[in-house]
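Structural overview for review
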Amino acid sequence: GQQLRVAGKGERGLNGGPNGDLYIEINITKDSFFKREGKDIHIELPIDMISASLGATLTVPTVYGDVEMTIPEGTQNGQILKLKSKGMKDLRSPIYGDQYVHIKVETPKNLNAEQKELLKKFQEIEQSKKNKGDSFFDKIKKSFKK
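These remarks concern the structure in this document.

**Some thoughts on the pairing of strand β6 (residues 65–71)**
Every regular strand shows the same layout, with side chains that alternate between the two sheet faces. Summarising the sheet, strand β5 (residues 56–62) and β6 pair through seven bridges and their orientation is antiparallel. Each bridged residue has a counterpart across the sheet, and for P61 the counterpart in β6 is D66.

Next comes the structure, spelled out in structure tokens:
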């Protein structure tokens, strides 16, 4: 919706008068990948559950080209990470918006037998960690003993 004026580049004036001004209106089409909110850009980044669990360094697209981004260990589905100053530039200042990366953790499909066995082992370890912890009532009892 912003307009740019180019002086003297419009239609010829009447009766040999000077050329008028050319006005250019800027329209931005929607992108299927990048979503813009003011100066900020939002994208959805699918990652595998192993990268989300262990952390990783991934290549992330921005409107300025690809950048390397560190995915922290234990990243959750739906978590939002920020790339500072990778959004749109404010036309009236030197400030850039940010790019927000919405993490979408993908669960693997069609696991082979070895992968299933490893995940079952992981599940058993997690269950045993939970079972070793005190129950809610045990914690209450301990708080009265102090």
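Picking up after the structure, the text goes on.
**So, the layout of surface pockets**
The calculated volume of the largest pocket comes to roughly 390 Å³. Around the largest pocket, the lining residues are D48, M49, I50, S53, L54, E106, P108, L111, Q115, L118, L119 and F122. Those elements that provide at least two residues to the lining of the largest pocket are α1 (49–54) and α2 (113–132). Considered class by class, the residues forming the lining of the largest pocket number eight nonpolar, two polar and two charged. For the second largest pocket, the calculated volume is near 270 Å³. Together, I28, T29, K30, D31, F34, K35, R36, I41, V63 and M88 line the second largest pocket.

**Details of the sheet that holds strand β4 (residues 40–48)**
To summarise the sheet geometry, strands pair through backbone hydrogen bonds and adopt either a parallel or an antiparallel arrangement. Read from one edge of the open sheet, four strands run β3-β4-β8-β7, paired in mixed fashion. If you trace the sheet from one side to the other, it starts and ends with β3 (35–37) and β7 (80–83), each paired once. The sheet shows a mean angle of 35° between the axes of neighbouring strands, taken without regard to direction.

**Notes on α2**
One full turn of an α-helix is made of 3.6 residues, so residues set three or four places apart face in the same direction. In a regular helix each residue adds 1.5 Å, so 20 residues correspond to 28 Å; α2 covers 29 Å between its end C-alpha atoms and thus fits that length. Burial within α2 is sparse, with just zero of its 20 residues counted as buried. One side-chain oxygen of the residue at the start of α2 lies 3.1 Å from the amide nitrogen of E114, identifying that residue as N112.

**Some words on the pattern of salt bridges**
Under the counting rule described, the total for this entry stands at two salt bridges. When the shortest N-O distance is used, the salt bridge between D21 and R5 registers 2.9 Å. Highlighted residues: D21 in the loop between β1 (3–6) and β2 (22–25) and R5 in strand β1, separated in sequence by 16 residues. The exposure class assigned to D21 is partly exposed, which follows from its relative accessible area of 33%. The exposed category is assigned to R5, whose relative accessible area is 53%. With a closest N to O distance of 3.8 Å, D98 and K82 form a salt bridge. Taken together, the positions of D98 in the loop between β7 and β8 (99–106) and K82 in strand β7 put the pair 16 residues apart, joining distant regions of the chain. Exposure remark for D98: the relative accessible area of 12% places this residue in the buried category.

Conventions we followed
Residues numbered from 1 in each chain as written. Predicted model: local features only at pLDDT ≥ 70, side-chain atom pairs only at ≥ 80, totals over all residues. Heavy atoms only, no water. Pairing = 2+ DSSP bridges. Helix = DSSP H or I, 4+ residues; strand = E, 2+ residues; numbered from the N terminus. 1 Å grid on protein atoms, 1.4 Å probe; cavity = no way out; pocket = protein on both sides within 12 Å on 5 of 7 lines; lining within 4 Å. Points joined across faces, edges and corners; volume = space filled by probe spheres on them. Nonpolar A, V, L, I, M, F, W, Y, C, P; charged D, E, K, R; others polar. Axes fitted to C-alpha atoms, helices over the stretch in contact; angles between N-to-C directions. Expected span 1.5 Å × (residues − 1). Buried < 20%, exposed > 50% of the residue type's maximum accessible area, 1.4 Å probe, protein only. Polar contact = N/O pair within 3.5 Å; in protein donor to acceptor, adjacent residues only side chain to side chain. Salt bridge = Lys/Arg side-chain N within 4 Å of Asp/Glu carboxyl O.

Interpretation note: all reported values are geometric properties and have no functional meaning in isolation.
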